[in-house]
Amino acid sequence: MKYFEDSKSVLKLKGFHYVLLILLALMNSAAGLATPIPKQERIGNVEPVAQIRGAMPTGVAVSSTGRIFINYPRWGDEVEFTVGEIVNGKPVAYPNKKLNQQGNRETQSQRIVSAQSVVIDPTGSTLWIVDTGSIRPLPISYGGPKLIAIDLKTNQVSRTIMIDESVLDSETYLNDVRFLMAAGTAGYAFITDSSSNGGIIVVDLDTGENWRRLGKTRFTMSDPEFYPVVEAEILMVREKGKKAKRFNVGSDGIAVSADGKTLYFRALTSRHLYSVSTESLINRAVNEQALQTMVVDHGQVGGASDGLEADSLGRIYLTDYEHNAIHRYSRSVESVQTIVFSPEVIWPDSLSLADDGYLYFTANQLNRQQIFHNGADRRIQPYMVFRIKIDGKPIRRAQDAISQGGQSQ
């Protein structure tokens, strides 16, 4: 008998809940609300790695032993050091404070003037620093723009490669670098120039000789019809007291395929992804007109990107600063998969795929700088280094030792 009494009590309780749900639904309906209110779901399990305070970072690089390096370009923030290593959760000057001193024009060849990116090459033994040699709005000069190699075992500078005067113009802005390396050769570096003219700078790591490719072409220049939309706002340069103008930045993100045969790249202010064979870039007998015919336009792949990366399975990763996202592009099947979407990923900048199977990236709120908001700095610290576990590993290659010591000029 007690069983039936208890059952009746349960039915009464359930009945009360049903009535309550119906009343809530009616109230929400009257207010024009759905139950529950639909919202966009997050994609990927994004993990915080480090909180960065002070100057705004751009690049990140992670070694095979788990060391994490970041850099801060001198764009106006007070920059104590332009390259750092995260130790016990906090950045410290790397490789030392002296090398990170800003210096002056006379000492710029012995200093890191303003690092735009840090990258560990496929040997896993060397950290390369892209020094823009630029403190905006001052013009650059020979001795400032350069590649600096640091031996991760000794934490000493092993090589400095100056970018030739013939390659530079007054607006040149070195941005990101990737490497082509194989046994028996020191290999090549490919550096994007983000100036309005755009271009890819090829560096012969054997000799230090370097030259410009694809400059002033639609492949490396800003898309004139493109206006980025970030955090639901059309992003334009809005300097206080001046008329708004289009945001215009040339080639930026760059990646070399796993087989070393293809270089992928895109301008910061464009949604088009391009590629070209590394062989044609290296071969100076291929003139510029012929080279342009070899460039492949993969169309508008995801939103606009700041950083690119490649994995050992032949896939390309692209940040998407318009949608707080990261995508993975597979050329073999011409597919794009979104692996990250998260509101906290505000302007994902640089990518670094590490041996631990995590894809590391910075989120630095670049779009919230004063230059875009009539002098108002909308950035909210901390800036972030995040990571996400993926089914990919970095490209690693055995290589003869890169020439140690001295300068190539």
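Structure: above.
The rules behind these values
Residues numbered from 1 in each chain as written. Predicted model: local features only at pLDDT ≥ 70, side-chain atom pairs only at ≥ 80, totals over all residues. Heavy atoms only, no water. 1 Å grid on protein atoms, 1.4 Å probe; cavity = no way out; pocket = protein on both sides within 12 Å on 5 of 7 lines; lining within 4 Å. Points joined across faces, edges and corners; volume = space filled by probe spheres on them. Helix = DSSP H or I, 4+ residues; strand = E, 2+ residues; numbered from the N terminus. Nonpolar A, V, L, I, M, F, W, Y, C, P; charged D, E, K, R; others polar. Buried < 20%, exposed > 50% of the residue type's maximum accessible area, 1.4 Å probe, protein only. Contact = heavy atoms within 4.5 Å. Polar contact = N/O pair within 3.5 Å; in protein donor to acceptor, adjacent residues only side chain to side chain. Patch = residues over 30% accessible without salt bridge, like charges linked within 9 Å, V, L, I, M, F, W, Y side chains within 5 Å. Areas by Shrake-Rupley, 256 points an atom, 1.4 Å probe, with all protein chains shown as cover. Salt bridge = Lys/Arg side-chain N within 4 Å of Asp/Glu carboxyl O. Pairing = 2+ DSSP bridges. Core = buried A, V, L, I, M, F, W, Y, C linked by side-chain atoms within 4.5 Å. Phe/Tyr/Trp six-rings, centres within 6.5 Å; stacked < 30°, edge-to-face > 60°.

A word on empty space enclosed by the protein. Counting across every chain of the model gives 2 cavities of 30 Å³ or more. In this structure, the largest cavity encloses a volume near 350 Å³. For the largest cavity, the lining is made up of 28 residues, of which V119, I120, R178, E309 and A310 are closest to its centre. Counting residues per element, the ones that place at least two in the lining of the largest cavity are β2 (60-62), β6 (115-120), β10 (174-182), β18 (251-256), β22 (308-310) and β26 (348-353). In terms of residue class, the lining of the largest cavity is built from 16 nonpolar, 6 polar and 6 charged.

As for its position among the elements, Y360 is in strand β27 (residues 358-363). Judged by its relative accessible area of 4%, Y360 is buried. Along the chain, Y360 and E47 lie 313 residues apart, while their C-alpha atoms are 9.4 Å from each other. Residues contacting Y360, with those up to four places away along its chain left out, are V49, V60, V62, I68, S350, L351, S352, A354, F386 and R387. Separated by 2.7 Å, the side chains of Y360 and D356 make a polar contact.

Bringing a nonpolar patch on the surface into the picture now. A surface patch of nonpolar side chains, about 260 Å² in accessible area, is lined by Y227, V229 and I234. Along the chain, I234 falls in strand β15 (residues 233-234).

Vacant regions in the atomic arrangement are exposed by a probe of water-molecule size rolled over the atoms. Size it by volume and the largest pocket reaches roughly 1,200 Å³. Along its surface, the largest pocket is lined by 36 residues, and W75, R136, F247, V249 and I371 are the ones closest to its centre. Here the residues of the lining of the largest pocket sort into 14 nonpolar, 11 polar and 11 charged.

Quick look at the pairing of strand β28 (residues 383-389) now. Burial within β28 is extensive, with 5 of its 7 residues counted as buried. As defined by bridge partners, strand β1 (residues 47-52) adjoins β28 across 5 bridges and the pair is classed as antiparallel. Residue pairing across strands places P48 opposite F386, the latter belonging to β28. In this sheet, β28 lies alongside β27 in antiparallel orientation, the contact comprising 6 bridges. Paired with Y360 across the strands is R387, a residue of β28.

Within the largest apolar cluster, 30 residues are counted, with the highest numbers of intra-cluster contacts made by I52, F247 and W347. Counting residues per element, the ones that place at least two in this core are β1, β2, β3 (68-71), β27 and β28. Beyond its immediate stretch of four places on either side in the chain, W347 contacts V230, L235, F247, L268, D306, Y321, T362, A363, N364, Q365, L366 and N367. One finds V119, L147, I191 and L205 within the second-largest nonpolar core, a separate group that totals 20 residues.

For side chains bearing opposite charge, pairing can occur when the charged atoms are close. Enumeration over the complete set of coordinates arrives at 19 salt bridges. A salt bridge links E85 to R67; the nearest nitrogen and oxygen atoms lie 2.9 Å apart. With E85 in strand β4 (residues 83-87) and R67 in the loop between β2 and β3, this pair connects stretches of sequence that are 18 residues apart. Here K146 ties to D131 by a salt bridge, and the two come within 2.7 Å at their closest N and O atoms. With K146 in strand β8 (residues 146-151) and D131 in strand β7 (residues 126-131), this residue pair connects regions lying 15 residues apart in the sequence. One network of salt bridges, with partners in common, ties together D311, R315, R328 and D391.

Glancing now at the packing of aromatic side chains. One pass over the full model with this rule turns up 9 aromatic pairs. Where F219 meets Y274, the ring centres are 5.3 Å apart and the plane angle is 80°; that geometry is what we call edge-to-face. Pair noted here: F219 is in the loop between β13 (210-213) and β14 (229-230) and Y274 is in strand β20 (residues 272-277), with a separation of 55 residues, a long-range link. We classify F219 as buried; its relative accessible area is 6%.

For residues besides glycine, phi is generally negative; the peptide bonds are generally trans as well. Residue P95 is bonded to the preceding Y94 through a cis peptide linkage, with omega at -5°. Among the secondary structure elements, P95 is positioned in the loop between β5 (90-93) and β6. With an omega dihedral of 10°, the bond running from Q381 to P382 counts as a cis peptide bond. Positive phi values are uncommon outside glycine, yet N324 reaches one of about 50°. Along the polypeptide, N324 turns up in the loop between β23 (316-320) and β24 (325-330). Taking relative accessible area as the criterion, N324 reaches 12% and is therefore assigned buried. Even without being a glycine, Q365 presents a positive backbone phi close to 60°. Relative to the assigned elements, Q365 resides in the loop between β27 and β28.

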